[in-house]
Amino acid sequence: MRYSDALAMQRALVEDRQAGRIGDLLVFVEHPHVLTLGVRGDGGRSHILAAPDLLAARGVDVHETGRGGDITYHGPGQIVGYPILDLKPDRCDVHRYVRDLEDVLIRTAADYGVDAHRIDGLTGVWVGDQKLAAIGVRIARWVTSHGFAFNVSTDLDYFELIVPCGIADRGVTSLHRVLGRAVDNREVEDRIAVNFGRVFDREPILPTAVPIRTP
């Protein structure tokens, strides 16, 4: 799904969730090559290392998001998760919410025998000093949007176009690279959904995929 379409979809779903027309959702998408900017400072534009003509030649768009954090890359082979959750009444804590998202992805990595962890002061999930998953969220009236990007079989060369998340002294990895073998994205999505349910006390509906209408 194009990033602009996913952004419009999230805005519509957040409005529906705030109005009580839908329940909590965890939406999985995969984007074509795109660099997404956060709201901190210049959004991360100063962390784009490639010239505009190189980005165009490689088919990479640049898009503003409205989420927290700095610049990151989305592309094929990466699971992007957009939780649309109402955190009221008992989870109204932004710090806790981000830590819970990290917990979901750490548990998912552990399902594959990968020892992932947090690094103090740096949001995301790491294997050694390599980032496996990035997190950037938006919360409006305690309804969440945006979320996380989990590298499964992502082409990591695209991260060389930027300073990922504005962190120059650490790298990026993927589940494929860590394991040394291919992993099915749909299988990983199912594992994320199960772990999401455990951390957030929700019962995931699996394996049926519910189609979401794009506005």
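Coordinates for the structure precede this section.
I will try to describe carefully the structure that is included in this document. (Residues numbered from 1 in each chain as written. Predicted model: local features only at pLDDT ≥ 70, side-chain atom pairs only at ≥ 80, totals over all residues. Heavy atoms only, no water.)

Topic: unusual backbone geometry
It is generally the case that most residues other than glycine have a negative phi and that most peptide bonds are trans. We count it as follows: Helix and strand definitions follow DSSP, with helices as H or I runs of at least four residues and strands as E runs of at least two, each counted in order from the N terminus. With a 1.4 Å probe rolled over the protein chains alone, any residue whose accessible area is under 20% of its type maximum counts as buried; one over 50% counts as exposed, and the rest are partly exposed.
Each neighbour pair has its own omega, and for Lys88 with Pro89 the value is 5°, a cis peptide bond. In this structure, His146 is a non-glycine residue whose phi angle is positive, near 55°. Along the chain, His146 falls in strand 9 (residues 143-151). On the accessibility criterion, His146 (4% relative accessible area) is buried.

Comments concerning the nonpolar core
Here is the rule: Each nonpolar core is a collection of buried residues, namely Ala, Val, Leu, Ile, Met, Phe, Trp, Tyr and Cys, held together in the definition by side-chain atoms within 4.5 Å. In this description, contact between two residues means that some pair of their heavy atoms is separated by no more than 4.5 Å.
Formed by 29 residues in total, the largest nonpolar core has its most connected members in Leu101, Leu105, Phe150, Val188 and Phe200. Elements with a minimum of two residues in this core: helix 3 (94-111), strand 7 (122-127), strand 8 (130-140), strand 9 and helix 5 (185-200). Sort the elements by how many residues they give to this core and helix 3 lands first, with seven residues. Ignoring any residue separated from it by four or fewer positions in sequence, one finds Phe200 in contact with Leu85, Arg91, Tyr97, Asp100, Leu101 and Val104. Ala6, Val27, Val29 and Tyr82 belong to the second-largest nonpolar core, a separate cluster that totals 14 residues.

As for the environment of Val60
On the secondary structure map, Val60 appears in the loop between helix 2 (52-57) and strand 3 (61-64). The spatial distance from the C-alpha of Val60 to the C-alpha of Val199 is 34 Å, given a sequence separation of 139 residues. Beyond its immediate chain neighbours, meaning those up to four positions away, Val60 contacts His33, Val34, Leu35, Leu55, Tyr158 and Leu161.

A word on the pattern of salt bridges
Formally: What makes a salt bridge here is a side-chain nitrogen of Lys or Arg within 4 Å of a carboxyl oxygen of Asp or Glu, nothing more.
Across all of its chains, the model carries 15 salt bridges by this definition. Here Arg202 ties to Asp24 by a salt bridge, and the two come within 2.9 Å at their closest N and O atoms. Placement of the pair is Arg202 in the segment after helix 5 and Asp24 in the loop between helix 1 (3-18) and strand 1 (25-29), with a sequence separation of 178 residues. When its relative accessible area of 33% is taken as the criterion, Arg202 is described as partly exposed. One network of salt bridges, in which partners are shared, links Arg91, Arg96, Asp100 and Asp201.

Remarks on the environment of Gly77
Within the element layout of this structure, Gly77 appears in the loop between strand 4 (72-74) and strand 5 (78-84). Remark: the alpha-carbon pair of Gly77 and Asn151, spanning 74 residues in sequence, is separated by 6.9 Å.

Considering the pairing of strand 7
The criterion, for reference: Two strands qualify as a pair provided that DSSP identifies no fewer than 2 bridges between them.
As judged from the two bridges shared by strand 6 (residues 117-119) and strand 7, these two strands associate in the antiparallel manner. In the sheet register, His117 faces strand 7, and the bridge partner there is Trp126. In this structure, the hairpin formed by strand 6 and strand 7 is closed by a connection of two residues, where Gly121 is found at a positive phi of approximately 85°. Both strand 7 and strand 8 contribute to a ladder of three bridges, which runs antiparallel. Looking at the pairing, Val125 lines up with Ala133 of strand 8.

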